[in-house]
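Residue-level structure breakdown
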Amino acid sequence: MDDRETSWTELRKRIACIAAGLQRQGLKPGDRVAILANNSERYFENLFAIPWAGGVITPINCRLADPEIAYWLEDSGAKIILVDNNFADRVKLLQPQLKDLQTLIYMEQEHAPSGYIEYAQLLEYGVVDDAGRSNDDLAAIYYTGGTTGRSKGVMLSHQNLVANSLQSSSFLNLKANKRILHAAPIFHIACTSQCLASTLVAASNHFIASFDPEKFMQTVESAKIEQSMLVPTMINMLVHNPAFKKYDLSSLVDILYGASPMPEAVISKALEMLPTPGFSKLTAKQKQLHSLPV
C-alpha cells in the first residue's frame, strides 16, 4: 500500500516493537485490543503484534453504525483500540460511554488528534519477547453479522487460528512469494484467514484500503498480483468497470470468492473477461474451519 515495502525480518522486529509499545500502554495478558480501520500493512502487522504482546485481537466492522460499534467494544471489554483517520472522530465521541476503553491509538503517520497516542510512539520502547500464548489461550474475538439479532462474539483460540492457517494454505493454493492482494476487509475472518495462511508460507502480502475496481486493477498490474479474495458483488463491479481493458491483469491466476451466492450471469461474465484465473468458491465448510476445535 502506497509503495511501502517491508521484509519479513523487518516485519518481525516491528511486531516485537509494537508489542512492547502495547505493553507500555498497559496491555496485560488476555486484554482485548480492538481495531477499527481500513486495510493497511499496519492492520496486518497488528494481527501478530497484539497476540505477541499477550492481547486478544478484536476487529470491528467498518460498516457499523455508532451504536453498533459501541456495543461491540463494550461487549468485548476492549481496553485499547487502534483507529485510522476514517474513524478517529467517531471513536473519540463514543469513548465516554465505554467504561473499559482506556487507550486510543492513531494508526496513521501524521500527528495524532487530541486524546490519541501516536502510532510511532509504540515503536520507541525496544522489543519484547513473544508473550507465549498458545493452544487454548484466547487469540481473537470475531463478531457475527447480527442479521437476526445482536452480534455475538465468537471466541477463537490460538489453536483454532493455527489449524485454520495450516488447512487454508493448502486449499487457498498459497506458496512462498506468491503475490496476494487483500482487497476484502481484513476485519472479516475470511480475509484474516488469508493473511495468516499467507504468512505461514511466506507469501507476499499487498493491500488496498478498501475495494475500488480501478484501484484493484491498478494494483494487480503494478504489483503483478497472482491471487485475491473477492465477494461476488466485487467481481461484478470489476468485470463491468469501463476501465477494465486499460489494465494488464494477466498475472492474476487465482480469484477466491464467497460470502454470498454467485449469480450465474456474473461468473459467466467473469470467465469471459478474466479467462486466466481459476475461480474457487470458498464453501461454508471451508469458511467455518477457523471455529472448529482441534
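Refer to the structure printed above.
A brief look at the structure comes next. None of these values were measured; they are calculated from a predicted model. (Residues numbered from 1 in each chain as written. Predicted model: local features only at pLDDT ≥ 70, side-chain atom pairs only at ≥ 80, totals over all residues. Heavy atoms only, no water.)

As a further point, take the overall build of the protein chain. The number of helices and strands found in the protein chain is 10 helices and 12 strands. For the protein chain, whose C-alpha radius of gyration is 19 Å, the value lies close to the compact-globule estimate of 19 Å for 294 residues. The C-alpha extent of the protein chain, read off along each of the three principal axes, is 55 × 45 × 40 Å. Counting the 294 residues in the protein chain, one finds 53% classified as buried. (Helix = DSSP H or I, 4+ residues; strand = E, 2+ residues; numbered from the N terminus. Rg over C-alpha atoms; globule rule 2.2 N^0.38 Å. Buried < 20%, exposed > 50% of the residue type's maximum accessible area, 1.4 Å probe, protein only.)

Looking at where N241 falls in the secondary structure, it is placed in the loop between α8 (232-239) and β11 (254-257). Classification of N241 as buried rests on a relative accessible area of 17%. Every residue in contact with N241, bar those within four places of it in the chain, is listed here: P213, E214 and M217. (Contact = heavy atoms within 4.5 Å.)

Turning next to the nonpolar core. Grouped together as the largest cluster of nonpolar side chains are 63 residues, with contacts concentrated most on L22, L73, I81 and L82. With seven residues, helix α2 (residues 41-53) is the single largest residue contributor to this core. Apart from residues lying up to four places away in sequence, L82 is in contact with V33, A34, I35, L36, N46, I50, I105, M107, Y119 and L122. Formed by 27 residues, the second largest nonpolar core is a distinct cluster that contains L181, I225, L249 and I255. (Core = buried A, V, L, I, M, F, W, Y, C linked by side-chain atoms within 4.5 Å.)

Here we take up the pairing of β11. Residues of β11 alternate between two faces, with D254 and L256 on one and I255 and Y257 on the opposite face, all of them buried. As for the winding sense of the linkage, the β-α-β connection from strand β10 (residues 227-230) through α8 to β11 is right-handed. (Right-handed = clockwise from strand over helix to strand, strands pointing away.)

Moving on to the layout of surface pockets. Its boundaries defined by the atoms lining it, the second largest pocket holds a volume of some 660 Å³. Along the wall of the second largest pocket there are 30 residues; nearest its centre are Y143, G145, F187, H188 and I189. Among the elements of the structure, β6 (138-143), β7 (153-157), α6 (189-200) and β10 are those that each provide at least two residues to the lining of the second largest pocket. Counting residues per element, the lining of the second largest pocket draws most heavily on α6, which supplies three residues. Here the lining of the second largest pocket is composed, by residue class, of 20 nonpolar, eight polar and two charged. (1 Å grid on protein atoms, 1.4 Å probe; cavity = no way out; pocket = protein on both sides within 12 Å on 5 of 7 lines; lining within 4 Å. Points joined across faces, edges and corners; volume = space filled by probe spheres on them. Nonpolar A, V, L, I, M, F, W, Y, C, P; charged D, E, K, R; others polar.)

Between two aromatic rings, the relevant description is the distance of the centres plus the angle of the planes. Evaluated as defined, the whole model comprises five aromatic pairs. Grouped by ring-pair contacts, the aromatic residues F44, F48 and F207 constitute a single cluster. Here R150 stacks its cationic end above the ring of Y71, 4.1 Å away from the centre of that ring. (Phe/Tyr/Trp six-rings, centres within 6.5 Å; stacked < 30°, edge-to-face > 60°. Lys NZ or Arg CZ within 6 Å of the ring centre and 35° of its normal.)

At a minimum axis distance of 11 Å, the contact between α2 and α6 shows a crossing angle of 75°. Classed by the angle they form, the pair α2 and α6 counts as roughly perpendicular. From α2, F44, L47 and F48 reach across to α6, where they touch T192, C195, L196 and T199. (Axes fitted to C-alpha atoms, helices over the stretch in contact; angles between N-to-C directions. Parallel < 35°, antiparallel > 145°, perpendicular 65-115°, else oblique.)

Of all six residues that make up β6, six are buried, and the element is covered over most of its length. Alignment of β6 against β7, held across five bridges, turns out to be antiparallel. From the neighbouring strand, Y143 faces β7, where its bridge partner is G153. (Pairing = 2+ DSSP bridges.)

Between helix α5 (residues 158-171) and α6, the shortest axis-to-axis distance is 8 Å and the interhelical angle comes to 75°. Judged on the interaxial angle alone, α6 and α5 are roughly perpendicular. Residues L161, N164, S165, L166, S168 and S169 of α5 lie in contact with α6, whose contacting residues are S193, L196, A197 and L200. Here the residues of the contact of α5 with α6 sort into five nonpolar, five polar and no charged.

Worth remembering: the numbers are spatial, not functional.
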